[in-house]
Amino acid sequence: MSEKISREELVKIYNIEITFFDELVDSGLLSIQTENEIRYVMYEDLPVFEKLTNWHYDLEINLPGLEVIHDMLRKMEDLKQKNRELMNKLSAISDKYEDI
């Protein structure tokens, strides 16, 4: 069973507004699990929560801005992965022709 922390605990620990937490969930930026009507964030999702919270409170980035940044970073990661795959294929082809 994975470790988790409740919404209420996060709000207290990070000193954030509960509405901000709910907005992250409603916009799809933060995944939660609900048990007995209590919302939980899994520990493995805490880095995403912390990053979004820091951007919002420290850099004063609003929710639409967070959505754009999150989407752009996801697209960049996808492109990095595709680039790695292409480089591996190119390397394999290059190795094949070196053997000839």
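Residues numbered from 1 in each chain as written. Predicted model: local features only at pLDDT ≥ 70, side-chain atom pairs only at ≥ 80, totals over all residues. Heavy atoms only, no water.

Student: Honestly, the pairing of strand β3 (residues 38–42) in this entry has me stumped. Any pointers?
Tutor: On a regular strand, each side chain points to the face opposite its neighbour's, so the side chains alternate between the two faces of the sheet. One ladder, built from 3 bridges, connects strand β1 (residues 4–6) with β3; its direction is antiparallel. Along β3, the bridge assignment pairs S6 with Y40. Pairing between strand β2 (residues 33–35) and β3: 3 bridges, direction antiparallel. Within the sheet, the bridge partner assigned to Q33 lies in β3 and is Y40. (Pairing = 2+ DSSP bridges. Helix = DSSP H or I, 4+ residues; strand = E, 2+ residues; numbered from the N terminus.)

Student: Whenever I open this one, the packing of helix α2 (residues 18–26) against helix α3 (residues 46–58) confuses me. Can you help?
Tutor: Helix packing geometry: the angle between the two helix axes and the distance between the axes. Two numbers describe how α2 lies on α3: the axes approach to 12 Å, and their chain directions differ by 120°. Relative to α3, the element α2 lies oblique. For α2 against α3, the interelement crossing comes out right-handed. The residues of α3 that touch α2, namely those facing F20, F21 and L24, are F49, L52, T53, H56 and Y57. Tallied by class, the residues present in the contact of α2 with α3 amount to 6 nonpolar, 2 polar and no charged. (Axes fitted to C-alpha atoms, helices over the stretch in contact; angles between N-to-C directions. Parallel < 35°, antiparallel > 145°, perpendicular 65-115°, else oblique. Left-handed = near helix turned anticlockwise from the far one by under 90°. Contact = heavy atoms within 4.5 Å. Nonpolar A, V, L, I, M, F, W, Y, C, P; charged D, E, K, R; others polar.)

Student: Help me understand α2 in this model?
Tutor: Side chains three or four residues apart in an α-helix point the same way, a direct result of the helix having 3.6 residues per turn. The set of residues buried in α2 consists of F20, F21, D22, L24 and V25. Close packing links the buried residues of α2 with α1 (7–14), β3, α3 and α4 (63–98). Where α2 ends, the next residue or the one after it, G28, has phi of about 85°, a positive value. (Buried < 20%, exposed > 50% of the residue type's maximum accessible area, 1.4 Å probe, protein only.)

Student: Explain the nonpolar core here, please?
Tutor: Where a protein is soluble and globular, its nonpolar side chains tend to be buried together. Core analysis: the largest hydrophobic core is formed by 18 residues, its most contacted members being L10, F21, L24, L30, V41, F49 and L66. Among the elements of the structure, α1, α2, α3 and α4 are those that each provide at least two residues to this core. (Core = buried A, V, L, I, M, F, W, Y, C linked by side-chain atoms within 4.5 Å.)

Student: What exactly am I supposed to notice about the packing of α3 against α4 here?
Tutor: Where α3 contacts α4, the axes come no closer than 11 Å and their chain directions differ by 140°. Relative to α4, the element α3 is oriented oblique. Crossing angle aside, the handedness with which α3 passes α4 is right-handed. Between α3 and α4, the residues in contact are L52, W55 and H56 and L66, I69 and L73, respectively. Of the residues in the contact of α3 with α4, the class split is 5 nonpolar, 1 polar and no charged.

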